[in-house]
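# Reading the structure
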Amino acid sequence: MRHVKSELEAVTYRWTDGSFRSEISTRTPETRSASATGTITSSLFMAGQEAGLSQSTIMDMANIFGGVIDFVGDPRKGDTMHLLFEELYLDGEKYDDGAIIAASYNNQGKLFTAYRYEDSAGDVGYYNEDGVSMRKAFLLAPVDFTRISSNFNLRRLHPIYKTTRPHRGTDYAAPTGTPVYAAGDGRVVKAGYGRANGNYVFIQHGEQFVTRYLHLHKRRVKAGQRVAQGQVIGTVGSTGAATGPHLHYEFLMNGVHRNPRTIHKHLPKAKSLPAAELPRFRQAIAPVAQQLAQLQDENNTQLAMGDAGDDRG
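Nothing here was measured: the structure is a model prediction, and the numbers come from that model.

Another point: the overall build of the chain. Tallying secondary structure elements over the chain gives three helices and 20 strands in all. Classification of the 313 residues of the chain by burial places 43% in the buried group. Put simply, 60% of the contacts in the chain that link residues at least 6 apart link residues at least 24 apart. For the chain, the accessible surface area stands at approximately 17,200 Å², while carbon and sulfur atoms represent 47% of it.

Okay, here's the thing in structure tokens:
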């Protein structure tokens, strides 16, 4: 008897000498290198799909750059992205997505680059060309691929109460049920329901910082619980005093409300690889950096040829 647990693993049971014996057989997918280039016309998600990327790969890229790019507010038409990644094949057909090896994103002329690197201790992370970790203390946006409906404004006319009330945060309009992520590692200090805030979650990050998430449809964490950056803590909703489904996100530093979209400029710098690790890092990323640069050059050439064609027309 053969029990197929997955395409990669099966268990065979044989009746031998009056008893069953089991034998586990496993298969290893073939890893193939792939690349993709995309240009933003409307959103990162649409650009990724047009470039042939799967939804999971697009989300992986957004997670890699989530500490340096706010993919809700930063992307602009004409921004470009380049990826070198792996795909897993089984019997000649694509089986699954592999890891992103290197990626770059050009946001209005500012280039961000990330390389996947396994250090001498066996830990894997993404770093820029100088060996600075892409993982920052806080995500720039706690939700993905949504539009901002209301920016930080201390004198905003409240849409329900029709009075001028400080709006100490940012609203991210998104469909009900959209996952909401913890912006950074921390501990849930409050999680409950209020008439104004609806379902809410407050997270303490060290001694200085607190993030607040309001109007949630559902809470996925409880008070006292430890959470990790990127962990789903709830879903977007319209509970409490909300005119429609959205996340209201606040960032406090030493008890004072700060603009969530600009506070990152004042946060501690990201960790870098130790100086002793840098030679090994540079050697490891050198061939990948060359491939990424070639992909960028090819895209620039195509854009230049397209512009020249437009001029001739």
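So, next bit.
The subject of this paragraph is the sheet that holds strand 7 (residues 110–118). Here we have five strands laid out as an open sheet, ordered 4-5-6-7-8, and antiparallel in their pairing. Two strands in the sheet have a free side with no partner beyond their single neighbour: strand 4 (30–39) and strand 8 (124–127). Strand-to-strand twist in this sheet, taken as the mean axis angle between neighbours without regard to direction, amounts to 25°. Taken together, the ten bridges between strand 5 (residues 80–90) and strand 6 (residues 93–107) define a ladder with antiparallel strand orientation. In the sheet register, Leu88 faces strand 6, and the bridge partner there is Asp96. Strands in contact with helix 2 (residues 55–64) are strand 5, strand 6, strand 7 and strand 8; relative to strand 6, the strand with the most contacts, it is inclined by about 35°.

Our next topic: the side chain of Thr113. Examined against the element boundaries, Thr113 turns out to sit in strand 7. Overall, Thr113 belongs to the buried group, its relative accessible area being 9%. Apart from residues lying up to four places away in sequence, Thr113 is in contact with Phe65, Ala103, Ser104, Tyr127, Asn128, Glu129, Met134 and Leu292.

A word on the environment of Tyr181. You can see Tyr181 is positioned in strand 13 (residues 179–181). Considered as a pair, Tyr181 and Thr235 are 54 residues apart in the sequence and their alpha carbons are 8.6 Å apart.

A sheet is described by the order of its strands in space; here three strands give the open sequence 1-2-3, paired in antiparallel fashion. Looking at strand neighbours, the two that pair on one side only are strand 1 (2–6) and strand 3 (19–26), the edges of this open sheet. When the angles between neighbouring strand axes are averaged without regard to direction, this sheet yields 20°. Relative to strand 3, strand 2 (residues 9–16) is paired through eight bridges, and the arrangement is antiparallel. Residue pairing for strand 3: Tyr13 is matched across the bridge by Ser22.

Summarising burial for strand 5: ten of the eleven residues are buried, a large majority. Linkage of strand 5 to strand 6, two consecutive antiparallel strands, is achieved through a turn of two residues, within which Asp91 is found at a positive phi near 55°.

So, on to the pairing of strand 14 (residues 186–194). Bridge analysis of strand 14 against strand 17 (residues 226–227) gives two bridges, and the strand direction is antiparallel. Following the sheet pairing, Arg187 is matched in strand 17 by Arg226. Here strand 14 runs beside strand 15 (residues 198–205); their pairing, made up of seven bridges, is antiparallel. Across the sheet, Gly192 pairs through a bridge with Tyr200, a residue of strand 15. Once strand 14 ends, the chain turns through three residues before running back antiparallel as strand 15.

Next up on the list: the pattern of salt bridges. If you walk through the whole model with that rule in mind, you get nine salt bridges. A salt bridge links Asp97 to Lys94; its shortest N-O distance comes to 2.8 Å. Here Lys94 falls in the partly exposed class, since its relative accessible area comes to 41%. Arg135 is paired through a salt bridge with Asp185; the nearest N and O atoms lie 3.1 Å apart. Of the two residues, Arg135 is situated in the loop between strand 8 and strand 9 (147–150) and Asp185 in the loop between strand 13 and strand 14; the sequence distance between them amounts to 50 residues. Taking the relative accessible area as the measure of exposure, Arg135 reaches 47% and is therefore partly exposed. Connected through shared salt-bridge partners, Glu87, Lys94 and Asp97 make up one network.

For the rest of this paragraph, the subject is the nonpolar core. Counting 25 residues, the largest nonpolar core has Val180, Val201, Ile203, Tyr213, Ile233 and Leu247 as its most contacted members. Looking at this core, the elements with two or more residues in it are strand 15, strand 16 (209–219), strand 18 (232–236) and strand 19 (246–253). A per-element tally of this core places strand 19 first, with four residues. When near neighbours in sequence (up to four residues on either side) are disregarded, Val180 contacts Pro142, Val143, Tyr213, Leu216, Gln231, Val232, Ile233, Gly234, Thr235, Val236 and Leu247.

Let us look at the packing of aromatic side chains. One pass over the structure, following the stated rule, counts nine aromatic pairs. Judged by centre distance (4.9 Å) and plane angle (75°), the rings of Phe138 and Phe251 are edge-to-face. In this pair, Phe138 is assigned in the loop between strand 8 and strand 9 and Phe251 in strand 19, connecting sequence segments 113 residues apart. Centre to centre, the rings of Tyr213 and Tyr249 are 5.4 Å apart; their planes meet at 40°, and the pair counts as tilted. One end of the pair, Tyr213, is in strand 16; the other, Tyr249, is in strand 19, and 36 residues separate them in sequence. For Tyr249, a relative accessible area of 1% translates into the label buried. Here the aromatic residues Tyr117, Tyr127 and Phe281 are joined through ring pairs into a cluster of three or more. Across the ring face of Tyr89, the terminal group of Arg32 is positioned such that the distance to the ring centre comes to 3.9 Å. Arg212 extends its terminal NZ or CZ atom over the ring of Phe202, reaching a point 4.7 Å from the ring centre.

Reading guide: rules and limits
Residues numbered from 1 in each chain as written. Predicted model: local features only at pLDDT ≥ 70, side-chain atom pairs only at ≥ 80, totals over all residues. Heavy atoms only, no water. Helix = DSSP H or I, 4+ residues; strand = E, 2+ residues; numbered from the N terminus. Buried < 20%, exposed > 50% of the residue type's maximum accessible area, 1.4 Å probe, protein only. Contact = heavy atoms within 4.5 Å. Areas by Shrake-Rupley, 256 points an atom, 1.4 Å probe, with all protein chains shown as cover. Pairing = 2+ DSSP bridges. Axes fitted to C-alpha atoms, helices over the stretch in contact; angles between N-to-C directions. Salt bridge = Lys/Arg side-chain N within 4 Å of Asp/Glu carboxyl O. Core = buried A, V, L, I, M, F, W, Y, C linked by side-chain atoms within 4.5 Å. Phe/Tyr/Trp six-rings, centres within 6.5 Å; stacked < 30°, edge-to-face > 60°. Lys NZ or Arg CZ within 6 Å of the ring centre and 35° of its normal.

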